[in-house]
Amino acid sequence: MNPGAQRSILRWSHLVLAIPILGYIYGPPAEVAQYADGVRFIFVPIIILSGFWMYAGAVFALLGVAFWLGAYHFFGVGTAILCQPALFIARKIFLVIRARRSK
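An account of the accompanying structure is given in this report. (Residues numbered from 1 in each chain as written. Predicted model: local features only at pLDDT ≥ 70, side-chain atom pairs only at ≥ 80, totals over all residues. Heavy atoms only, no water.)

**Description of the overall build of the chain**
(1) Moving on: If you tally the helices and strands in the chain, you get six helices and zero strands.
(2) Moving on: The order of helices and strands in the chain, counted from the N terminus, is α-α-α-α-α-α.
(3) Moving on: For the chain, the C-alpha atoms occupy an extent of roughly 60 × 35 × 15 Å along the three principal directions.
(4) Moving on: Residues counted as buried form 23% of the 103 residues belonging to the chain.
(5) Moving on: Contacts in the chain between residues at least 24 apart in sequence constitute 47% of all its contacts with a sequence separation of at least 6.
(6) Moving on: Total accessible area on the chain is roughly 7300 Å²; 71% of this is exposed by carbon and sulfur atoms. (Helix = DSSP H or I, 4+ residues; strand = E, 2+ residues; numbered from the N terminus. Buried < 20%, exposed > 50% of the residue type's maximum accessible area, 1.4 Å probe, protein only. Contact = heavy atoms within 4.5 Å. Areas by Shrake-Rupley, 256 points an atom, 1.4 Å probe, with all protein chains shown as cover.)

**Side note on the packing of helix H1 (residues 3-16) against helix H2 (residues 18-26)**
(1) Moving on: Contact geometry for H1 and H2: axes closest at 4 Å, N-to-C directions at 15°. Judged on the interaxial angle alone, H2 and H1 are roughly parallel. Where H1 approaches H2, its residues His14, Leu15 and Val16 are matched on the opposing element by Ala18, Ile19 and Pro20. (Axes fitted to C-alpha atoms, helices over the stretch in contact; angles between N-to-C directions. Parallel < 35°, antiparallel > 145°, perpendicular 65-115°, else oblique.)

**A short note on the packing of aromatic side chains**
(1) Moving on: Here the structure, examined in full by the defined rule, presents seven aromatic pairs.
(2) Moving on: An angle of 75° between the planes, with centres 5.4 Å apart, marks the rings of Phe41 and Tyr72 as edge-to-face. Note that Phe41 is positioned in helix H4 (residues 36-56) and Tyr72 in helix H5 (residues 58-75), a separation of 31 residues in sequence.
(3) Moving on: Among the residues examined, Tyr72 registers a relative accessible area of 18% and is labelled buried.
(4) Moving on: Taken together, the ring pairs in this structure connect Phe52, Tyr55, Phe60 and Phe88 into an aromatic cluster.
(5) Moving on: A cation over a ring is seen here: Arg91 above Phe60, with NZ or CZ 5.4 Å from the ring centre. (Phe/Tyr/Trp six-rings, centres within 6.5 Å; stacked < 30°, edge-to-face > 60°. Lys NZ or Arg CZ within 6 Å of the ring centre and 35° of its normal.)

As structure tokens, then:
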């Protein structure tokens, strides 16, 4: 698959899967309680996967989803959210170290 088609598929899946999350956020609390697990364990990980894949590749995307699910399961949503910027910082540090070693 060429990179343009892959990017288009990832972009559209990222946008389309955000729609249920908007319904979850803005819907009446009595109705959205039954959809909470689907949003937490299906839609958010797929959105993280597609977003990170577009940004930095498949390996980084799989790490992002694994960290999200692990942190959410063991420590809660706050830690899972904070884990994502920490992953970006760790990636940046890795890239800087790798660039310095290659010189």
